[in-house]
Amino acid sequence: MSTYKNIVILTGAGISAESGLATFRASNGLWNNHKVEDVATIEAFERNPAYVHEFYNELKKELVKAKPNKAHLAITRLQKEYDANISVVTQNVDTLHEKAGNQNIYHIHGQINQAVCLNCGRILETFGDIDTETVCPHCHIAGMMKPNIVFFGENLLCMDKVDRLLSECDLFLSIGTSGVVFPAASFVQIAKYNNAKTYEFNLEPTSNNYFFDHHIYGPAGTTLPAFVDEMIKNK
Ligand code: APR
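Being a predicted model, the structure only gives us computed values, none of them experimental. (Residues numbered from 1 in each chain as written. Predicted model: local features only at pLDDT ≥ 70, side-chain atom pairs only at ≥ 80, totals over all residues. Heavy atoms only, no water.)

## Looking at the overall build of the protein chain
Of regular secondary structure, the protein chain possesses 9 helices and 9 strands. For the protein chain, the C-alpha radius of gyration of 18 Å lies close to 18 Å, the compact-globule estimate for 235 residues. Seen along its three principal axes, the alpha-carbon backbone of the protein chain occupies a region of about 55 × 35 × 30 Å. For the protein chain, with 235 residues in total, the buried portion stands at 50%. In the protein chain, the share of contacts with a sequence separation of at least 24, taken over all contacts with a separation of at least 6, comes to 63%. (Helix = DSSP H or I, 4+ residues; strand = E, 2+ residues; numbered from the N terminus. Rg over C-alpha atoms; globule rule 2.2 N^0.38 Å. Buried < 20%, exposed > 50% of the residue type's maximum accessible area, 1.4 Å probe, protein only. Contact = heavy atoms within 4.5 Å.)

This is the structure we're talking about:
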């Protein structure tokens, strides 16, 4: 374990699995019960906004009840006890990293507790349901609110910052992501190109397997706390 100064932690749905939240591509995953093209594309939202709102309103009810697990809490411990710049780049739209007390969090696929007004562009926190009648509190136009979720075909959020983090990182941890959705799936290659040490934490090898220096298999709620213990002991 060498000393690291700039750490990027990429997370996917797998880090929230032990909090009871469904992942996307497992056999009981979200994309097995809903088609991506019906709820996660801008075309779907234009075609049937009420159905897309309903999907995210229901998902929000699940996500806001969830509690962070030992993997999220291990990141908080690492950020508190390991002297480095440690950023969390998450594909997840849940707020479990925030609930666990993680800092420097970048939601590149958006957040379930936010909506964006397509008329004035303002982003607002939403704790209740939003629908095709919701009025924007800033421009007072109704029916232009969209969940602040990045749909397939839309640009990711925070990418200027994420690009800079990846170019400077010397340790890249990928936790609970299948590595099939780009550009997040390419982050390990950017980190590797910049000579970062790369670790993949998953239940099983992923399609990105080849790019990682190390693979730590098992539930992140077990493997990540053990890894953080070792990092802090050897800092
Ligand atoms: N510990 C570690 N890894 C786990 C655990 C766990 N307890 N449970 C599941 N996993 C792993 C699975 O093996 C899988 O590789 O988490 C991964 C989840 O993969 P996906 O369901 O594809 O989720 P994710 O990689 O986050 O999807 C990326 O796709 O549809 C889009 O926007 C959506 O952000 C999402 C993106």
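## Details of a nonpolar patch on the surface
On the surface, Leu118, Ile141 and Met144 cluster together to form a nonpolar patch covering roughly 230 Å² of accessible area. Residue position: Met144 is located in the loop between strand S5 (123-125) and strand S6 (145-149). (Patch = residues over 30% accessible without salt bridge, like charges linked within 9 Å, V, L, I, M, F, W, Y side chains within 5 Å. Areas by Shrake-Rupley, 256 points an atom, 1.4 Å probe, with all protein chains shown as cover. Salt bridge = Lys/Arg side-chain N within 4 Å of Asp/Glu carboxyl O.)

## Considerations on the sheet that holds strand S9 (residues 214-217)
The 6 strands are arranged S3-S2-S1-S7-S8-S9 in an open sheet whose pairing can be described as parallel. Of all strands in the sheet, those bounded by a partner on one side alone are strand S3 (105-107) and S9. Sheet twist, expressed as the mean angle between neighbouring strand axes with direction ignored, is 15°. Set on the sheet, helix H5 (residues 70-81) makes contact with strand S1 (6-11) and strand S2 (85-90); between it and S2 the angle comes to about 155°. (Pairing = 2+ DSSP bridges. Axes fitted to C-alpha atoms, helices over the stretch in contact; angles between N-to-C directions.)

## Thoughts on the packing of H5 against helix H9 (residues 220-233)
Between H5 and H9, the shortest axis-to-axis distance is 8 Å and the interhelical angle comes to 15°. Classed by the angle they form, the pair H5 and H9 counts as roughly parallel. You can see that H5 and H9 cross each other, and the crossing is left-handed. The residues of H9 that touch H5, namely those facing Lys70, Ala71, Ala74, Ile75, Arg77, Leu78 and Glu81, are Ala220, Gly221, Leu224, Pro225, Val228, Asp229, Met231 and Ile232. Considering only residue class, the contact of H5 with H9 consists of 10 nonpolar, 1 polar and 4 charged. (Parallel < 35°, antiparallel > 145°, perpendicular 65-115°, else oblique. Left-handed = near helix turned anticlockwise from the far one by under 90°. Nonpolar A, V, L, I, M, F, W, Y, C, P; charged D, E, K, R; others polar.)

By themselves, these observations are geometric and do not establish any function.
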